[in-house]
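Secondary and tertiary structure notes
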Amino acid sequence: MRCYKLYIIWFLVGMILVGFDLIPSWLEWANSVFLILAGCVAVGYAMETFGKKRGLIASILIGVATFTIEGMSAHFDIFFGSYDYTNRFPPLLFDVPIGIGFAWIVMIMAGHALTLSFKTRLVKALVAALYVVVLDLVLDPVAYVVKGYWLWDSESAYYGIPFSNFFGWFCIAFVVQLLLPRIKQLPSKQSIHRMNMVFWTIVVLFIWIALLAKLYMACIVAVISFSLLQIGRRFYNGAKKT
């Protein structure tokens, strides 16, 4: 899949350019290209899993709905808290980065791929939403404190990011997982691998940037939380086989 190969190349380059803040202002649109490429991989996963038509429609609805929610939250201080996007994450549409919708498609489909082994829809949605929230525990501090992609107007012990933001992320991820179409056919191992790789490379990228910026608390919280989720998932899979 060309999008996946391009994504991996973009990721490897981004580890250096983004990590060491080497991207000039005129090239900041490349951050959105990174998310768009990841989003294309996620759409491919959705089309294989839910059927071409339903997968494409689901992806479009997720992208449009989450972009709208993010815009409403930024303009009216609802859902996540009081914050505003800056011009450091172009291109913007209605003052919201267009990459945001693609990012949500990635997170939703990655959460789905990571929890394929769970049979109960409610538990699957719960665990998938937890993966999304844990990602944001390192993503948000990097995007706000280090990169300045958005600015929070609040006070919090966790880098000034309000709890309402993480609660909002959890609720949206949980509800969207519940609303996903039924699986038409199990995705191929290659498709699952690609989706998982996209998710974990994003995790690695943000932990890498957080380490370079000395956001050690965010790194520790993310690593411990992801480790617990992975241990729990493996324990569940092991118990299911016995």
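Definitions and limits used
- Residues numbered from 1 in each chain as written.
- Predicted model: local features only at pLDDT ≥ 70, side-chain atom pairs only at ≥ 80, totals over all residues.
- Heavy atoms only, no water.
- Helix = DSSP H or I, 4+ residues; strand = E, 2+ residues; numbered from the N terminus.
- Rg over C-alpha atoms; globule rule 2.2 N^0.38 Å.
- Buried < 20%, exposed > 50% of the residue type's maximum accessible area, 1.4 Å probe, protein only.
- Contact = heavy atoms within 4.5 Å.
- Areas by Shrake-Rupley, 256 points an atom, 1.4 Å probe, with all protein chains shown as cover.
- Lys, Arg positive; Asp, Glu negative; His and termini not counted.
- Charge placed at Lys NZ, Arg CZ, Asp CG, Glu CD.
- Expected span 1.5 Å × (residues − 1).
- Phe/Tyr/Trp six-rings, centres within 6.5 Å; stacked < 30°, edge-to-face > 60°.

Let's talk about the overall build of the chain
Broken down by element type, the chain carries eight helices and four strands. Ordered by position from the N terminus, the helices and strands of the chain form the series α-α-α-β-β-β-α-α-β-α-α-α. The C-alpha radius of gyration of the chain comes to 17 Å, within 12% of the 18 Å expected for a compact globule of 242 residues. Seen along its three principal axes, the alpha-carbon backbone of the chain occupies a region of about 50 × 35 × 35 Å. Looking at the chain residue by residue over its 242 residues, the buried ones come to 52%. Look at the contacts in the chain between residues 6 or more apart in sequence, and 77% of them connect residues 24 or more apart. Of the roughly 12000 Å² of accessible surface on the chain, a fraction of 71% belongs to carbon and sulfur atoms. Computed over 19 positive and 11 negative side-chain charges, the separation of the two mean positions in the chain equals 25 Å.

What to know about helix α3 (residues 52-76)
It helps to recall that an α-helix has 3.6 residues per turn; residues three or four apart then point in one direction. Over its 25 residues, α3 runs 36 Å from end to end, which matches the ideal 36 Å to within 8%, given 1.5 Å per residue. Of the positions making up α3, those classed as buried are Gly55, Ala58, Ser59, Ile62, Gly63, Thr66, Phe67, Glu70, Gly71, Ser73 and Ala74. Lining the buried residues of α3 we find α2 (30-50), β1 (83-85), β2 (92-93), β3 (96-97), α4 (99-114) and α6 (163-179). Backbone geometry just after α3 places Asp77 at a positive phi near 60°.

With respect to the packing of aromatic side chains
Inspection of every chain in the model, using the stated rule, returns 19 aromatic pairs. Where Tyr131 meets Trp200, the ring centres are 6.3 Å apart and the plane angle is 80°; that geometry is what we call edge-to-face. Pair noted here: Tyr131 is in helix α5 (residues 121-146) and Trp200 is in helix α7 (residues 189-212), with a separation of 69 residues, a long-range link. The exposure class of Tyr131 is buried, given its relative accessible area of 1%. Centre to centre, the rings of Tyr158 and Tyr159 are 5.0 Å apart; their planes meet at 75°, and the pair counts as edge-to-face. Counting every residue linked through ring pairs, the aromatic cluster contains Phe80, Tyr83, Tyr85, Trp150 and Trp152.

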